[in-house]
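What follows is each chain in one-letter form.
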Amino acid sequence: MTRVEEFVKKYYVERRNTNSLKWDALEERFGDPELLALWVADMEFKTPESIREALSERVAHGVFGYTKLPESYYYEYKNWHKEKYDFEVDKQWIRFAPGIVQAILWVIKAYTRKEDAVIIMPPVYYPFANSIRNSGRKLVESPLLEEDGKFKIDFETFEKEIRENDVKLYIHCSPHNPVGRVWTFEEQKRVFEICEKHDVLVLSDEIHQDFTYGNHKQISALALEGGRYNNRLIVANSGSKTFNLASLVHATLLIPDSNVREQFDKFSKENLGAEPSLLGQIALEAGYRDGKDWVEGLKATILHNYNLIHDTLAQKVPEIKVYPLEGTYLVFLNLENVLNGKSTKQFIQDECGLAIDFGHWFGKGYNSYVRINLATSPENIQEAVERIIKNCNR
């Protein structure tokens, strides 16, 4: 039995009829309860044993009152980031939020005023744009360039938009969701130099940091040039993607600069900032302590699923563009050449019976694109691919 087969056999779980948003809200979100769910970014895999055991032990204790974080939590958090990403986390940097989306909204409100400009690089995680609009800020976009079958940063447009709109905040997605890029040192250095030049604060969303493949190495914004840009930087991360813990509402903001941190703390006092989640911190500590092998098995499964999509479609329907998977567990596809006048919804949802994230959610001009979640069984991915091929050949 291969590593992927072992992982799937041990951890795959049926999620229908468990009040799963991904599976049990299909009627509500897509109008069809029978779709094959490959959309929202969570998994069909049980968390590591260490997490389940730690949670069970706490549940058996029976009390869930106000709590403080033990030193062991900080040790495991710091150790994970030092070992994997080669930067030292100072305990003083750490602040908490119920989730990354909440953290994004808080940062926008804490560091910008109404009508201030905030820049993003679409196609990008859609709560970025929604949070900017919903908080009354000016949304500025510097779209990624699509060149040679992959997405790249348009540095000239990025700087031009910052300058012309007096941008105050840039929301960085690293690794990038949905295009799957893991930004290189050179790419990030150039982006941060532009932000430094124009005095732009950076929020770096690094929630997918633990999902990189092959020679692609995640470089945290905190590790760039020995922390050179830390005076204008906030990093957001969470175990919710790594260990499938989204509903335990526990995310981290790392704020290395004391002045930037003071501004966030002032906002928190005025707006009732969050305490850490008891079960969330217990789960994350256990995952960081004993979940490394589980993560490697998961990554092997995701890469297997990506290759299944990429290689099969390259052979059977090469007209579909499947973008390289450098990071995240989400693959971006362009169906433009197989739609033949149909809408993406008509083809993917009505004909193929798939629930996916539509490209236009991530930015204008991506109507023919889709994002597919790879953190599921190879059987589900195989079924999806077969449906796509069948309907392309009708």
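Everything here concerns the structure above.
Here is a short report on the structure shown in this document.

The rules we used
- Residues numbered from 1 in each chain as written.
- Predicted model: local features only at pLDDT ≥ 70, side-chain atom pairs only at ≥ 80, totals over all residues.
- Heavy atoms only, no water.
- Helix = DSSP H or I, 4+ residues; strand = E, 2+ residues; numbered from the N terminus.
- Rg over C-alpha atoms; globule rule 2.2 N^0.38 Å.
- Buried < 20%, exposed > 50% of the residue type's maximum accessible area, 1.4 Å probe, protein only.
- Areas by Shrake-Rupley, 256 points an atom, 1.4 Å probe, with all protein chains shown as cover.
- Lys, Arg positive; Asp, Glu negative; His and termini not counted.
- Charge placed at Lys NZ, Arg CZ, Asp CG, Glu CD.
- Contact = heavy atoms within 4.5 Å.
- Pairing = 2+ DSSP bridges.
- Axes fitted to C-alpha atoms, helices over the stretch in contact; angles between N-to-C directions.
- Salt bridge = Lys/Arg side-chain N within 4 Å of Asp/Glu carboxyl O.
- Phe/Tyr/Trp six-rings, centres within 6.5 Å; stacked < 30°, edge-to-face > 60°.
- Parallel < 35°, antiparallel > 145°, perpendicular 65-115°, else oblique.
- Left-handed = near helix turned anticlockwise from the far one by under 90°.
- Arc of directions from axis to C-beta.

Describing the overall build of the chain
Here's step 1: Secondary structure assignment for the chain yields 15 helices and 15 strands.
Here's step 2: Radius of gyration (C-alpha) of the chain: 21 Å, near the 21 Å computed for a compact globule of 394 residues.
Here's step 3: Based on the C-alpha atoms only, the size of the chain along its principal axes is roughly 60 × 60 × 40 Å.
Here's step 4: By residue count, 58% of the 394 residues in the chain fall in the buried class.
Here's step 5: Accessible surface, the chain: about 17,300 Å² in total, of which carbon and sulfur atoms supply 46%.
Here's step 6: If the 50 positive side-chain charges of the chain are averaged to one point and the 59 negative ones to another, these points end up 2 Å apart.

Observations regarding helix H7 (residues 127-134)
Here's step 1: Those residues of H7 that fall on the buried side of the exposure criterion are Pro127, Phe128, Ala129, Ser131 and Ile132.
Here's step 2: Tucked into the core, H7 has its buried residues touching helix H6 (100-111), strand S3 (117-120), strand S4 (138-141), strand S7 (167-173) and strand S8 (201-205).

Regarding the sheet that holds strand S2 (residues 94-97)
Here's step 1: Strand order in the open sheet formed by seven strands is S2-S10-S9-S8-S7-S3-S4, and the pairing between neighbours is mixed. Every other strand in the sheet has two partners, leaving S2 and S4 as the edge strands with one partner each. Recorded for the sheet is a direction-independent mean angle of 25 degrees between the axes of neighbouring strands.
Here's step 2: Relative to S4, S3 runs parallel, the two sharing four bridges. Within the sheet, the bridge partner assigned to Val118 lies in S4 and is Leu139.

What to know about the pattern of salt bridges
Here's step 1: Under the defined criterion, the tally for this structure stands at 31 salt bridges.
Here's step 2: For the salt bridge of Lys91 with Glu71, the shortest nitrogen-to-oxygen distance reads 2.6 Å. Linking Lys91 in the loop between helix H5 (71-85) and S2 with Glu71 in helix H5, this pair joins segments that are 20 residues apart in sequence.
Here's step 3: For the salt bridge of Arg289 with Asp290, the shortest nitrogen-to-oxygen distance reads 2.7 Å.
Here's step 4: On the accessibility criterion, Arg289 (35% relative accessible area) is partly exposed.
Here's step 5: By relative accessible area, Asp290 is classed as partly exposed at 46%.
Here's step 6: Shared partners join several salt bridges into a network, and the residues in it are Arg15, Lys22, Asp42 and Glu44.

Quick word on the sheet that holds strand S12 (residues 330-334)
Working definition: the strands of a sheet are paired by backbone hydrogen bonds and lie parallel or antiparallel to each other.
Here's step 1: In spatial order, the strands read S11-S12-S15-S14; together these four strands make up an open sheet with antiparallel pairing. Where the open sheet ends on each side, the last strands, each with one partner, are strand S11 (321-322) and strand S14 (357-358).

Considering the packing of aromatic side chains
Here's step 1: Applying the stated rule across the entire model yields 30 aromatic pairs.
Here's step 2: Pairing Tyr73 with Tyr77 gives two aromatic rings, centres 6.3 Å apart and planes at 25 degrees, and the pair type is stacked. A residue pair is termed a helical-turn pair when its members lie 3 or 4 positions apart in one helix, as Tyr73 and Tyr77 do in helix H5 at four residues.
Here's step 3: Its relative accessible area of 2% is what places Tyr73 among the buried residues.

Re the packing of helix H1 (residues 3-11) against helix H13 (residues 292-316)
Here's step 1: Packing of H1 against H13 brings their axes to within 9 Å, and their N-to-C directions diverge by 110 degrees. Compared by their axis directions, H1 and H13 come out roughly perpendicular. Relative to H13, H1 is oriented so that their crossing is left-handed. Of H13, the residues touching H1 (which contributes Arg3, Val4, Phe7, Val8 and Tyr11) are Asp293, Trp294, Glu296, Gly297, Leu298, Ala300, Thr301 and His304.

Side note on unusual backbone geometry
Here's step 1: In this chain, Pro122 is followed by Pro123 through a cis amide linkage whose omega measures 5 degrees.
Here's step 2: Cis rather than trans, the peptide bond between Asn177 and Pro178 has omega equal to 20 degrees.
Here's step 3: Of note, Pro178 is situated in the loop between S7 and helix H9 (185-197).
Here's step 4: In the Ramachandran plot, Glu115 falls in the positive-phi region, its phi being about 75 degrees despite a non-glycine side chain.
Here's step 5: You can see Glu115 is positioned in the loop between H6 and S3.
Here's step 6: You can call Glu115 exposed: its relative accessible area is 62%.
Here's step 7: We note that Asp148 has phi near 55 degrees; this positive angle belongs to a residue other than glycine.
Here's step 8: Turning to its location among the elements, Asp148 is positioned in the loop between strand S5 (145-147) and strand S6 (150-152).

Side note on helix H14 (residues 344-351)
Here's step 1: Residues of H14 that are buried: Thr344, Phe347, Ile348 and Gln349. Looking down the long axis of H14, one finds its buried residues gathered within 160 degrees of arc, a one-sided arrangement.
Here's step 2: Where H14 is buried, its residues meet helix H3 (26-30), strand S13 (354-355), S14, strand S15 (369-373) and helix H15 (378-392).
Here's step 3: One or two steps after H14, the chain reaches Gly353, where phi turns positive at roughly 70 degrees.

Remember that the coordinates give geometry; whether it matters functionally is a separate question.
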